[in-house]
Amino acid sequence: MNLKGKVAIVTGGTRDIGRAISVKLAKEGAKVVANYFNNEDNAKETLNEINAVGGIGIIVKGDMTQKVDVDNLIKETVASFGGTIDIVVNNAGGLVARKSIAEMNEAFFNKVMFLNLNSTFLVSQAALPHMGSGSSIVNIASQAGRDGGGGGSLAYATSKGAVMTFTRGLAKEVGPKNIRVNSLCPGMIATKFHDDFTKDEVRKKVEGITPLRRQGSAEEIANTVACLASSETSFITGANIDINGGLAFS
């Protein structure tokens, strides 16, 4: 997966899955712009890891639900690496909290939707004028977008299902320009996300019913992103690809 000379943006690119993606793309030769929101220490550690694999990268702070911050991310990318953007990975997002429909208010629901869906829309829209033939967008969706998610993840699952539909629609729109758009639908991945939001006994139970009998790793997500970003998958677009150890089949 030779990405030498490519310019890549990774939103939420400095922790867990995002960090693994940033480092993997850099290792494959891409110049990486790793976006972060509020943890500068994580961002600096990610940049150090990029440098350690011989990569080139910068870190850019910004809230991807805010157009002004998204526009600044594109501006910083162009200023640092030229006018062309080859790869966009929309990874910024999260669960926020587990709440039933009775427990959530409109503000909470909107926050989750903006965090996961609107960020994907805003970054894609801003980046596309700089993306040419052969470029690639990879959105990070979720298995929850297929099956409705676990307890208390209604808003999150809804937003990720919307990301999957957005992926299909945008793939149709930009396909004639030879720009590909795909998404990944991770299952149980061993990250801080589940450290924060999923009980240990639930994680063990999911491991037990997963055909591969384990949780996935951030690096396994990153490897698949790099593959989708490369020319080696040049006839794949509009796909929402399961990466869940066989826990659920689409």
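Because the structure is predicted, anything quoted here is derived from the model rather than measured.

(A) View of the side chain of Thr11. Structurally, the position occupied by Thr11 is in the loop between β1 (7-10) and α1 (16-27). Overall, the relative accessible area of 2% leaves Thr11 in the buried class. Within the local environment of Thr11, its side chain forms a polar contact with the backbone nitrogen of Asn91, the two atoms lying 2.9 Å apart.

(B) Expanded view of the sheet that holds strand β4 (residues 87-90). Read from one edge of the open sheet, seven strands run β3-β2-β1-β4-β5-β6-β7, paired in parallel fashion. Whereas interior strands pair on both sides, the edge strands pair on one side only; in this sheet they are β3 (56-61) and β7 (240-243). Within this sheet the neighbouring strands show an average axis-to-axis angle of 20°, counted without direction. Sheet analysis places β4 next to strand β5 (residues 136-140), joined by four bridges and oriented parallel. When the sheet's bridge partners are listed, Ile87 is paired in β5 with Ser136.

(C) The pattern of salt bridges, seen in detail. Following the criterion strictly, the structure yields eight salt bridges and no others. Glu49 is the salt-bridge partner of Arg19, the closest N and O atoms lying 3.3 Å from each other. Here Arg19 is found in helix α1, whereas its partner Glu49 is found in helix α2 (residues 40-52), with 30 residues between them in sequence. The exposure class of Arg19 is buried, given its relative accessible area of 15%. In this structure, the salt-bridge partner of Lys24 is Glu28, at a minimum N-O distance of 2.8 Å. Exposure class is identical for Lys24 and Glu28. Each is buried. The network of salt bridges with shared partners includes Arg19, Glu45 and Glu49.

(D) Up close: the layout of surface pockets. Considered as a void within the structure, the second largest pocket measures approximately 160 Å³ in volume. Taken together, 16 residues line the second largest pocket, and the ones lying closest to its centre are Gln215, Gly216, Ile243, Asn244 and Gly245. Residue composition of the lining of the second largest pocket, by class: seven nonpolar, seven polar and two charged.

(E) Main features of the nonpolar core. Of all hydrophobic cores here, the largest spans 26 residues; its most connected members are Ile21, Leu25, Val89 and Val225. Elements supplying a minimum of two residues to this core: β1, α1, β4, β5 and α9 (218-229). Looking at this core element by element, the count peaks at seven residues for α9. Not counting chain neighbours up to four residues away, the residues in contact with Val225 comprise Ile21, Val89, Val138, Ile140 and Leu184. Grouped together as the second largest cluster of nonpolar side chains are 25 residues, Val7, Ala126, Ala127 and Leu170 included.

Conventions used here
- Residues numbered from 1 in each chain as written.
- Predicted model: local features only at pLDDT ≥ 70, side-chain atom pairs only at ≥ 80, totals over all residues.
- Heavy atoms only, no water.
- Helix = DSSP H or I, 4+ residues; strand = E, 2+ residues; numbered from the N terminus.
- Buried < 20%, exposed > 50% of the residue type's maximum accessible area, 1.4 Å probe, protein only.
- Polar contact = N/O pair within 3.5 Å; in protein donor to acceptor, adjacent residues only side chain to side chain.
- Pairing = 2+ DSSP bridges.
- Axes fitted to C-alpha atoms, helices over the stretch in contact; angles between N-to-C directions.
- Salt bridge = Lys/Arg side-chain N within 4 Å of Asp/Glu carboxyl O.
- 1 Å grid on protein atoms, 1.4 Å probe; cavity = no way out; pocket = protein on both sides within 12 Å on 5 of 7 lines; lining within 4 Å.
- Points joined across faces, edges and corners; volume = space filled by probe spheres on them.
- Nonpolar A, V, L, I, M, F, W, Y, C, P; charged D, E, K, R; others polar.
- Core = buried A, V, L, I, M, F, W, Y, C linked by side-chain atoms within 4.5 Å.
- Contact = heavy atoms within 4.5 Å.

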